[in-house]
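Read off the chains here:
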Amino acid sequence: MASLNVRAALLSVSFLILALGLWEMATQPPEAQTGLTEYEMLMGGVEQESRVPPPSAVIKLAWAELSDPFYDAGANDKGIGIQLAYSVYRVLTGYLAAMAIALPVGFLIGMSPLMYKALNPYIQVLRPISPLAWMPLALFIIQDSDASAIFVIFICSIWPMLLNTAFGVANVRQDWVNVARTHELGPLRTAITVILPAAAPTILTGMRISIGIAWLVIVAAEMLVGGTGIGYYVWNEWNNLDLASVIFSILMIGVVGMLLDLALGKAQKLVEYKE
Amino acid sequence: MSKPFLEVDGLSKVYPDGQGGELTVFEDIRFALEKGEFVCIIGHSGCGKSTILNVLAGLDEASAGNVVMNGKEIKGPGLERGVVFQNYSLLPWKTTLNNIVFAVRARWPEWSKEKVKEHSERYLKMVGLDHALNRKPSQLSGGMRQRVSIARAFATQPELLLLDEPFGALDALTRGVIQDELVKIWEETRQTVFMITHDVDEAILLSDRIFLMSNGPNARIAESVKVDIPHPRARATIFQNPAYHKTRDYLVDFLVNRSGSALPEKDGTPKIVEPAKGAARSTPASAESDTESESETAARAVNA
Ligand SMILES: Nc1ncnc2c1ncn2[C@@H]1O[C@H](COP(=O)(O)OP(=O)(O)OP(=O)(O)O)[C@@H](O)[C@H]1O
Ligand SMILES: [Mg+2]
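For clarity, every value in this text was computed on a predicted model and none was experimentally measured. (Residues numbered from 1 in each chain as written. Chains lettered and ligands numbered in written order. Predicted model: local features only at pLDDT ≥ 70, side-chain atom pairs only at ≥ 80, totals over all residues. Heavy atoms only, no water.)

This part is about the overall build of chain A. Helix and strand counts for chain A stand at eleven helices and zero strands. Reading the secondary structure of chain A in the N-to-C direction produces α-α-α-α-α-α-α-α-α-α-α. Computed over the C-alpha atoms, the radius of gyration of chain A is 25 Å, more than 25% above the 19 Å expected from 2.2 N^0.38 for a compact globule of 275 residues. Referenced to the eigenvectors of the C-alpha coordinate spread, the extents of chain A come out at roughly 90 × 65 × 35 Å. (Helix = DSSP H or I, 4+ residues; strand = E, 2+ residues; numbered from the N terminus. Rg over C-alpha atoms; globule rule 2.2 N^0.38 Å.)

Before going further, it helps to examine the nonpolar core. Counting 95 residues, the largest nonpolar core has A:Trp215, B:Leu6, B:Ile29, B:Phe31, B:Phe194 and B:Met213 as its most contacted members. Of the residues forming this core, the biggest block, 16 residues, is contributed by helix α9 (residues 187-225) of chain A. B:Phe31 has contacts with B:Leu6, B:Glu7, B:Val8, B:Leu56, B:Phe194, B:Phe211, B:Ile221 and B:Pro270, leaving out every residue within four places of it along the chain. (Core = buried A, V, L, I, M, F, W, Y, C linked by side-chain atoms within 4.5 Å. Buried < 20%, exposed > 50% of the residue type's maximum accessible area, 1.4 Å probe, protein only. Contact = heavy atoms within 4.5 Å.)

Turning next to the site of ligand 1. Residues and elements named next belong to chain B. Taken together, the residues surrounding ligand 1 are Tyr15, Val25, Ser45, Gly46, Cys47, Gly48, Lys49, Ser50, Thr51, Glu165 and His198. Within the side chain of Ser45, an N or O atom sits 2.5 Å from an oxygen atom of ligand 1. Considering ligand 1 on its own, with 650 Å² of exposed area, one finds that the protein chains cover 59% of that surface. No other element matches helix α1 (residues 49-57), which puts three residues into the shell around ligand 1. Here the residues of the shell around ligand 1 sort into three nonpolar, six polar and two charged. (Near = heavy atom within 4 Å. Polar contact = N/O pair within 3.5 Å; in protein donor to acceptor, adjacent residues only side chain to side chain. Areas by Shrake-Rupley, 256 points an atom, 1.4 Å probe, with all protein chains shown as cover. Nonpolar A, V, L, I, M, F, W, Y, C, P; charged D, E, K, R; others polar.)

Taken together, the contact pairs 21 residues of chain B with 17 residues of chain A. For the pair chain B and chain A, the summed buried surface comes to about 1700 Å²; carbon and sulfur atoms form 67% of the total. On the surface where chain B and chain A come into contact, there are zero salt bridges. For the interface between chain B and chain A, the tally reads three residue pairs in polar contact (both at pLDDT 80 or more). It is helix α2 (residues 96-107) of chain B that contributes the most residues to the side of chain B that touches chain A, three residues altogether. When grouped by side-chain class, the residues that make up the side of chain B that touches chain A number twelve nonpolar, six polar and three charged. (Buried area = accessible area lost by both parts, 1.4 Å probe. Salt bridge = Lys/Arg side-chain N within 4 Å of Asp/Glu carboxyl O.)

Turning our attention to the UniProt feature "transmembrane region" (unreviewed entry) in chain A. Residues and elements named next belong to chain A. The residues that UniProt annotates with the feature "transmembrane region" (unreviewed entry) are residues 95-116, 125-143, 149-172, 213-235 and 241-264. The span residues 95-116 shows a helical share of 95% and a strand share of 0%, and its end C-alpha atoms are spaced 23 Å apart. The distance from the first to the last C-alpha atom of residues 149-172 is 36 Å, and the span holds 92% helix and 0% strand. (UniProt positions renumbered as here; feature names shortened; annotations may be inferred.)

Taken as a whole, this structure holds two cavities of 30 Å³ or more when the rule is applied. Taken as a whole, the largest cavity holds about 70 Å³ of empty space. Residue lining of the largest cavity: A:Thr182, A:His183, B:Leu79, B:Arg81, B:Gly82, B:Val83, B:Arg152, B:Ala153 and B:Thr156, and that is the complete set. At three residues, the largest contribution of residues to the lining of the largest cavity is made by strand β6 (residues 81-84) of chain B. Among the residues making up the lining of the largest cavity, the classes are represented as three nonpolar, four polar and two charged. (1 Å grid on protein atoms, 1.4 Å probe; cavity = no way out; pocket = protein on both sides within 12 Å on 5 of 7 lines; lining within 4 Å. Points joined across faces, edges and corners; volume = space filled by probe spheres on them.)

A covalent bond between the sulfur atoms of two cysteines is what we call a disulfide. Per the stated rule, a full pass over the model turns up zero disulfides over all chains. Unpaired in terms of disulfides, B:Cys47 finds its nearest cysteine sulfur in B:Cys40, a separation of 14 Å. (Disulfide = S-S within 2.5 Å.)

Let us now look at helix α10 (residues 230-239) of chain A. Residues and elements named next belong to chain A. Most of α10 sits out of view: seven of its ten residues are buried. Regarding α10, the residues found buried are Ile230, Gly231, Tyr232, Tyr233, Val234, Asn236 and Glu237. Packed against the buried residues of α10 are α3 (55-67), α4 (80-111), α9 and α11 (243-271). Positive phi shows up at Leu241, right after α10, with a value of about 55°.

All names here are of chain B. Reading across from one edge, β2-β1-β4-β5 is the order of the four strands in this open sheet, with antiparallel pairing throughout. Of all strands in the sheet, those bounded by a partner on one side alone are β2 (22-33) and β5 (72-73). Here α1 sits on the sheet and contacts β1 (6-16), β2 and β4 (64-69); the angle it forms with β2, its principal contact strand, is near 60°. (Pairing = 2+ DSSP bridges. Axes fitted to C-alpha atoms, helices over the stretch in contact; angles between N-to-C directions.)

Once that is clear, we can look at the pairing of strand β3 (residues 38-42) of chain B. Residue and element names in this part refer to chain B. A large share of β3 lies buried, amounting to five of its five residues. In terms of strand pairing, β3 meets strand β8 (residues 192-196) through four bridges, oriented parallel. Across the sheet, Val39 pairs through a bridge with Phe194, a residue of β8. Two elements, β3 and strand β9 (residues 209-213), share four bridges in a ladder whose sense is parallel.

The next point concerns the confidence of the model for chain B. Taken residue by residue, chain B gives an average pLDDT of 88. The fraction at 70 or more is 91%. In the predicted assembly, ipTM is 0.84 and pTM is 0.84. (pLDDT = per-residue confidence, 0-100.)

Next up on the list: the packing of aromatic side chains. This model, assessed by the stated rule, comprises ten aromatic pairs over all chains. Here the aromatic residues A:Trp134, A:Phe151 and A:Phe154 are joined through ring pairs into a cluster of three or more. (Phe/Tyr/Trp six-rings, centres within 6.5 Å; stacked < 30°, edge-to-face > 60°.)

With that out of the way, let us pick up a nonpolar patch on the surface. Taken together, the side chains of A:Leu11, A:Phe15, A:Leu18, A:Leu22 and A:Met25 make up a nonpolar region of the molecular surface, amounting to roughly 580 Å² of accessible area. Tracing the sequence through the fold places A:Leu11 in helix α1 (residues 4-26). (Patch = residues over 30% accessible without salt bridge, like charges linked within 9 Å, V, L, I, M, F, W, Y side chains within 5 Å.)

What follows is about the UniProt feature "domain: ABC transmembrane type-1" (unreviewed entry) in chain A. The feature "domain: ABC transmembrane type-1" (unreviewed entry), as given by UniProt, occupies residues 84-264 of chain A in the numbering adopted here. The distance separating the terminal C-alpha atoms of residues 84-264 of chain A is 19 Å; by composition the span is 86% helix and 0% strand.

All names here are of chain B. Read across the open sheet, the seven strands follow the order β6-β7-β8-β3-β9-β10-β11; overall the sheet is mixed. A single partner strand is all that each edge strand has here, and the edge strands are β6 and β11 (271-273). With strand direction ignored, the average angle separating the axes of adjacent strands in the sheet is 20°. Bridge analysis of β6 against strand β7 (residues 160-164) gives four bridges, and the strand direction is parallel. Its bridge partner lying in β7, Val84 is registered against Leu163. Strands β3, β9, β10 (221-226) and β11 of the sheet are contacted by helix α7 (residues 242-258), whose axis makes an angle of about 165° with β10.

Moving on, we come to unusual backbone geometry. All names here are of chain B. Of the consecutive residues His231 and Pro232, the connecting peptide bond is found in the cis state with omega at -10°. Relative to the elements of secondary structure, Pro232 occurs in the loop between β10 and α7. The phi dihedral of Tyr88 is positive, around 70°, even though this residue is not glycine. Assignment of secondary structure puts Tyr88 in the loop between β6 and α2.

Written as structure tokens, this is what we have:
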């Protein structure tokens, strides 16, 4: 009996082949010029461009793109690697800035019920705002489309980190805090040696949610501000009616999002502990 | 008269009763501990033993009264008082060794890394855990965790050790083994210990004196019972001492019949009782009775 993993892999591959096969069949060009309706004859036959490309075409394109991902042939023609790198750079910059604020403020809110009560109303109002709603204001104030996209990432990734940090810190077991107190640790030492490791799994969960949201939002943000990035690339290829490129870049968005999530998942494993 | 090592004076704790009134859990608690004494406190559940211990630890505040140790009033927790919590309270992300290192480093920040490690390992060895240095608490049994917790408290060499039902969650066999270990460490270090227990036999085995608390609300420490059995004691032989039975009968009678109505002296200090006064003081130790008693203890532990 093969192991569960092997059987699962075999099943996965069969699903893939089945799906690609169905897709390929559904997108075959119709038999040329037989049985055209009057309307189609008037329109000059079935237009090639308006059909979804078959997987073989997407794979061919993917091969070409991935064999030279970093070419740069002017503003509207850059390799997929360059576009993804722009997006990842924006996401990481906004995300790190959010972290630099969310973690200390989350600690403060988590440790001080006074600060929690004072800041909670603002958090509750700001949190449900769609990050893209900030875009016009950001563009007006910052006057720079790249920085505005980064700001939008910052604002959307700050909330899960902030709230999870505050929650994790506020719910550290009183017993462990008492251990710190009976050993006369100062507030800073207590925060670093007891509260941070105790709350780390909760904090990392927040960080993982944030990176996922940031990657969702960057595509939309780049469609709005244009210029560079994977979101711009998708929209640009749609305007060119190059559907094979659109499908290919959708897949790449998925792959990069998965890699980001995997990285945070690894970090989460590192700080986990069993009681 | 010289001042005692630790003096508790008129301690009381009042909570709101939830209906606008007040509930006095205990009141006018007065007692003193001498340096090197091992004192247990026994009383029915809810009378406020843990609260008293937490006040001594500085983790809780009394509603009235004060505690003076070494001539200084206790305000807040401190390293000169070590606490063993009922639920062990080990830091689960640290290994066994690092849990002790954490405490030792807090106690002597000026020590070198090697010295801290060596000191920590010595105390883990005392409780027989030198083989589990690099395991996390989640990989230890309840008994092993409590040993780590005891090692942590002793390793910082506090002037006063506070133990809140340290063996409450353990099965009878494990409890017996760790009691023996505690006796051994205490014989070596002769630290001052204040311990809560529900187990009369455990109290007699370990303590010089046993405080008996009356039932709450308005609980008091009514009596201070002297345990007149010489050290070193051993779990396997202690009940051959006639003083053991007299003391035990006295404690059980208090808990069953008198804990509802017992009162301390007029001045608020506990009544001093010596139930075994005049009983034979030496422990017979013939080889025969030794083996007999050992199997008997084992049988009792299994049946418990
Ligand atoms: N926050 C609180 N509010 C109201 N009453 C409380 C509070 N904390 C404790 N009490 C009461 O104080 C009393 C003493 O509690 P404590 O934990 O000291 O008892 P204990 O003697 O240690 O009991 P046990 O042997 O079960 O551990 C209890 O009756 C409890 O109901
Ligand atoms: Mg208690």
